[in-house]
Structures are given as C-alpha cells and as structure tokens.
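Examination of the molecular architecture
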Amino acid sequence: MRLDKFLKVSRLIKRRTVANEACDAGRVMVNDKPAKASLNIKEGDVIEIQFGAKAVKVQVLNVQETVKKDEAKELYRYL
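Note that the coordinates shown come from a computational prediction; the quantities given were computed from them, not determined experimentally.

Definitions and cut-offs
Residues numbered from 1 in each chain as written. Predicted model: local features only at pLDDT ≥ 70, side-chain atom pairs only at ≥ 80, totals over all residues. Heavy atoms only, no water. Phe/Tyr/Trp six-rings, centres within 6.5 Å; stacked < 30°, edge-to-face > 60°. Helix = DSSP H or I, 4+ residues; strand = E, 2+ residues; numbered from the N terminus. Buried < 20%, exposed > 50% of the residue type's maximum accessible area, 1.4 Å probe, protein only. Core = buried A, V, L, I, M, F, W, Y, C linked by side-chain atoms within 4.5 Å. Contact = heavy atoms within 4.5 Å. Patch = residues over 30% accessible without salt bridge, like charges linked within 9 Å, V, L, I, M, F, W, Y side chains within 5 Å. Areas by Shrake-Rupley, 256 points an atom, 1.4 Å probe, with all protein chains shown as cover. Salt bridge = Lys/Arg side-chain N within 4 Å of Asp/Glu carboxyl O. Lys, Arg positive; Asp, Glu negative; His and termini not counted. Charge placed at Lys NZ, Arg CZ, Asp CG, Glu CD. pLDDT = per-residue confidence, 0-100. Polar contact = N/O pair within 3.5 Å; in protein donor to acceptor, adjacent residues only side chain to side chain.

1. Remarks on the packing of aromatic side chains
By the definition in use, this model includes 1 aromatic pair. Note on Tyr76 and Tyr78: the rings are 5.5 Å apart at their centroids and 90° apart in plane angle, and the pair reads as edge-to-face.

2. Let's talk about the environment of Val18
Looking at where Val18 falls in the secondary structure, it is placed in helix α2 (residues 16-24). Of the residues examined, Val18 reaches a relative accessible area of 30% and is grouped as partly exposed. Between the C-alpha atom of Val18 and that of Asp4, which follows or precedes it by 14 residues, the distance is 8.5 Å.

3. Concerning the nonpolar core
Core analysis: the largest hydrophobic core is formed by 24 residues, its most contacted members being Leu3, Phe6, Leu7 and Ile47. Elements that contribute at least two residues to this core include exactly α1 (3-9), α2, β1 (28-30), β3 (46-51) and β4 (54-60). Tallying contributions element by element places α1 first for this core, with 4 residues. Among residues more than four places away in sequence, those in contact with Ile47 are Leu3, Phe6, Leu7, Val28, Met29, Val30, Ile41, Val56, Lys57, Val58 and Val60.

4. Comments concerning a positive patch on the surface
A cluster of basic residues, Lys8, Arg11, Lys14, Arg15, Lys69 and Lys73, forms a positive patch on the protein surface. Locating Lys8 in the fold gives a position in helix α1.

5. Quick look at the confidence of the model for the protein chain
Per-residue confidence for the protein chain gives a mean pLDDT of 93, with 100% of residues at or over 70. No element of the protein chain has a lower mean pLDDT than strand β2 (residues 33-34), which averages 93, and none a higher one than β1, which averages 95.

6. Section: the side chain of Asp45
Inspection of the secondary structure assignment puts Asp45 in the loop between β2 and β3. We classify Asp45 as buried; its relative accessible area is 5%. Looking at Asp45, its side chain comes within polar contact range of the side chain of Asn31, at 3.2 Å.

Below, the structure written as structure tokens:
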C-alpha cells in the first residue's frame, strides 16, 4: 500500500492530500529515510512524522485497504 494511503486509512493524517504534502515537504521518514508518498509500506516498517515541534513514531502492524474508525488504531503501535 502507498504511504499516503496508509497514513489516511490509519488516521495518522486526516486527508490523503495532506499526507502527500507532508511527504513532499520531507516531514515523513520511513525506516530513518525520507519517504515519498508513493513508497510501498509493509508490516514492520517504522514511520516517523514531524508535526511542527512534535514527532510521532509508529510501527506498522497491519496493512489493510479499508478499516473502520475504531479499528484504525490496530494498524500501528506507538514507539
């Protein structure tokens, strides 16, 4: 699954266009490397997102195309 789509489905970022812009600005790292929105995400990858002064680091546990809002938290875990 594409990185921008995963960020939207997991609800780490609300909209796919915002996820795309964050990737283009270099605020998203996957496995300690700057990532493009088109990067394929797989289980076990570590995603770090810069939100201004705050950083969020998560590990991908599951990759699904669609998921209900309450189950979105089960796709990743905070590190």
